[in-house]
Amino acid sequence: LNNIRKNEPYLYGKGTEWEGKYTGGLDKQYVQVKDVNLSGYSEGEGWNPIGNYDIDDESLRAPFTGTYDGGNYVITGLDIKGDGKNYQGLFGYTSGATIDNVALEDINVTGKSRVGGLVGEVSNTKISNSYATGTVKGSVTDSLMVGGLVGYAGGAASSTISNSYATGTVTGNQSVGGLVGYASKSTISNSYAKGPVSGTEKVGGLVGEAYCYAYNAYCGTTISNSYATGDVTGSGDDAGGLVGLANRGTTISNSYATGEVTGNTDAGGLVGDAYDKTTISDSYATGEVTGTVEVGGLVGTASSGITIENSYATGSVKGSVTGSGTKMGGLVGTAYNITKISNSYATGSVKGVKKVGGLVGYGYAYPGYTISNSYATGPVEGSSEVGGLMGYAYGTKTSNSYAKGSVKGSERVGGLVGYAYSGATISNSYVTGSVEGTNSVGGLVGYANTYSNISNSYATGSITGISEVGGLVGKAEYSTSTKSYWDTATTKQTKSAGGGIGKSTDEMKKQITYE
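Only a predicted model underlies this, so the values are computations on that prediction, with no experimental measurement involved.

Here is what the cut-offs are and how they apply
Residues numbered from 1 in each chain as written. Predicted model: local features only at pLDDT ≥ 70, side-chain atom pairs only at ≥ 80, totals over all residues. Heavy atoms only, no water. 1 Å grid on protein atoms, 1.4 Å probe; cavity = no way out; pocket = protein on both sides within 12 Å on 5 of 7 lines; lining within 4 Å. Points joined across faces, edges and corners; volume = space filled by probe spheres on them. Nonpolar A, V, L, I, M, F, W, Y, C, P; charged D, E, K, R; others polar. Salt bridge = Lys/Arg side-chain N within 4 Å of Asp/Glu carboxyl O. Buried < 20%, exposed > 50% of the residue type's maximum accessible area, 1.4 Å probe, protein only. Helix = DSSP H or I, 4+ residues; strand = E, 2+ residues; numbered from the N terminus. Phe/Tyr/Trp six-rings, centres within 6.5 Å; stacked < 30°, edge-to-face > 60°. Lys NZ or Arg CZ within 6 Å of the ring centre and 35° of its normal. Core = buried A, V, L, I, M, F, W, Y, C linked by side-chain atoms within 4.5 Å. Contact = heavy atoms within 4.5 Å.

A.B. asks: What exactly am I supposed to notice about the layout of surface pockets here?
C.D. replies: The probe, sized like a water molecule, is rolled over the atoms to show the empty space still left. Its volume calculated, the largest pocket comes out at about 740 Å³. If you trace the largest pocket, you find 26 residues lining it, with Leu1, Tyr12, Gly13, Val31 and Val33 closest to the centre. Partitioned by chemical class, the residues of the lining of the largest pocket number 14 nonpolar, eight polar and four charged. Looking at the second largest pocket, its volume works out to about 210 Å³. Lining the second largest pocket are 16 residues, and of these Asn48, Pro49, Asn52, Lys85 and Gln88 sit closest to its centre. Considered class by class, the residues forming the lining of the second largest pocket number six nonpolar, seven polar and three charged.

Structural data, given as structure tokens:
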């Protein structure tokens, strides 16, 4: 294996039926025919990666461009002590290569940037049916692109990783992932990662960062039928159970994460920060998510053309320390700038301080943001702007949605929305959970302000408060409610701000009431 880099005749396949002299080189085709133990190369800095790339000196660039078929034989004893070095892995740098059926076990790989168990960086490379188990570590505080299998997937051209996995511990600084540290213009399918992942920012259970730097282009990574089960810890921004940061047209489908996520800003059970035309569909997260600002059971922050559909989160969401937690949501912490959420739901409890919602903590609709056919059922608790579905709705459009969990807060507390502001609309939606607060407390909306409108909606849960309490809306200014109702018996309220009609329990059960 060590002689692959040598473009000269060498005895390969020793002791097997394929034994013979073959001319090696980085551009040749190789087939592994027996198990390999690399422990003999563990002295000093350990294994010297196959293939290299030097940013400054073109003459030192020597990528592996051939094919390597591991034949499902095992490679053990891979030990790399590349402190401060880039392009570290069994292969350092590959371009136009194909790597199949490679089995790496009990590895110990350390490097600075572009560090992976199998490959440090792949460009226009295909990896399939391969795995790595063991430890991969970024050696210094400014380490980048560290992954259990691949450090950087993309480079000058797209790469594919399929039917592959990594298990073990992965640590680094930025762009740290259980399978891939940084993915650009690449495809990951039918793959997974198991094991804890930790770093500072852009930390993900499967991929740390799925990004594309091309100006005015959408060349994000595609992730499908993949998952991560390890706990994820990020001390800075962008920590996600599956992906830390996803943008520029990245798509995630039929994928999931089950590990606990602990972060600071932008922490999500599936994705920490998703923006710029990222799409998430048919995916879910089940782990508990903890953070301080913009924290969600599925996505921490979703912005700028994001679509979330047919997806859900079941884990609890909470502030990282007592008294913390702003923009906290059972599904999404913050959603703004043409974000669309449809046919999705959250069932976990949500606990924070301000802008806290069962589905979305903070929704900002410039220039557009919608929630449709979605729901939340977990209990929600906070201080201000607290809602069973959404904490703060700034100009958002909510339709055909509902909330069933109990809601507790102090001011601007609503069964569906805590604070609806600046033209927010709610239609064909309802609430059955109890609502408890102090000021501006409503069965559907706590405070409806500045041309917000409610239509064809209702509330039936019990409501308790001290001032500005209403069966449908607690406080309303320049806002209206039409063809909307509340149950006067179950809510224990006889009035509501901004319109709406109180009905008996029997009347609430009759179709004619809503016609």
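Once you've had a look at it, read on.
A.B. asks: Looking at this structure, I do not really get the pattern of salt bridges. What am I missing?
C.D. replies: For side chains of opposite charge, pairing can occur when their charged atoms come near one another. Taken as a whole and assessed by the stated rule, the structure comprises eleven salt bridges. For the salt bridge of Lys202 with Glu201, the shortest nitrogen-to-oxygen distance reads 3.0 Å. The class of Lys202 is buried, set by a relative accessible area of 12%. By relative accessible area, Glu201 is classed as partly exposed at 26%. A salt bridge links Glu468 to Lys475; its shortest N-O distance comes to 3.8 Å. Linked by salt bridges that have partners in common, Lys355, Glu385 and Arg412 make up one network.

A.B. asks: Looking at this model, I keep getting lost on empty space enclosed by the protein. Mind explaining?
C.D. replies: Summed over all chains, the structure comprises two cavities of 30 Å³ or more. The wall of the largest cavity is formed by 14 residues, among which Gly134, Gly148, Ala166, Thr167 and Gly168 lie closest to the centre. Contributions of two or more residues to the lining of the largest cavity are made by strand S15 (131-138) and strand S19 (165-171). For the lining of the largest cavity, the element with the most residues is S19, which contributes five residues. Of the residues in the lining of the largest cavity, the class split is five nonpolar, eight polar and one charged. Its boundaries defined by the atoms lining it, the second largest cavity holds a volume of some 30 Å³. If you trace the second largest cavity, you find it lined by Ala448, Ser452, Ile454, Val473, Ala476, Ser479, Thr480, Ser481, Ala497 and Gly498.

A.B. asks: Which parts of the structure should I look at to understand unusual backbone geometry?
C.D. replies: In most cases, non-glycine residues show a negative phi, while peptide bonds are predominantly trans. Non-glycine residue Lys277 carries a positive phi angle of around 65°. Locating Lys277 in the fold gives a position in the loop between strand S36 (271-275) and strand S37 (279-281). A positive phi angle, near 60°, is found at Arg412, a position not held by glycine. Tracing the sequence through the fold places Arg412 in strand S60 (residues 411-414).

A.B. asks: Teacher, can you tell me more about the packing of aromatic side chains here?
C.D. replies: Note on aromatic pairs: each is described by the distance of the centres and the angle between the planes. According to the stated counting rule, one finds 30 aromatic pairs in the structure shown. Taking the centre distance of 6.5 Å and the plane angle of 40° together, the rings of Tyr30 and Phe64 count as tilted. With Tyr30 in strand S3 (residues 29-31) and Phe64 in the loop between strand S4 (36-37) and strand S5 (67-69), the pair connects residues that are 34 residues apart, well separated along the chain. As far as the burial class goes, Tyr30 and Phe64 line up, both buried. Each ring, one from Phe64 and one from Phe91, has its centre 5.0 Å from the other, and the planes form 50°; the classification is tilted. One end of the pair, Phe64, is in the loop between S4 and S5; the other, Phe91, is in strand S9 (residues 91-95), and 27 residues separate them in sequence. Neither Phe64 nor Phe91 differs from the other in exposure class; each is buried. Lying across the ring of Tyr362, Lys355 places its NZ or CZ 5.7 Å from the centre. Here the guanidinium or amino end of Arg412 rests over the ring plane of Tyr419, the centre of that ring lying 4.2 Å away.

A.B. asks: Could you clarify how one ought to interpret the nonpolar core in this entry?
C.D. replies: Within soluble globular proteins, side chains that are nonpolar generally end up buried alongside one another. The biggest cluster of nonpolar side chains holds 110 residues, and the ones touching the most others in it are Leu90, Leu118 and Ile308. With near-sequence residues (within four places) excluded, Ile308 lies in contact with Ile280, Leu298, Val299, Ala302, Leu331, Val332, Lys340, Ile341, Ser342 and Ser344. Grouped together as the second largest cluster of nonpolar side chains are five residues, Met145, Tyr152, Tyr211 and Leu245 included.

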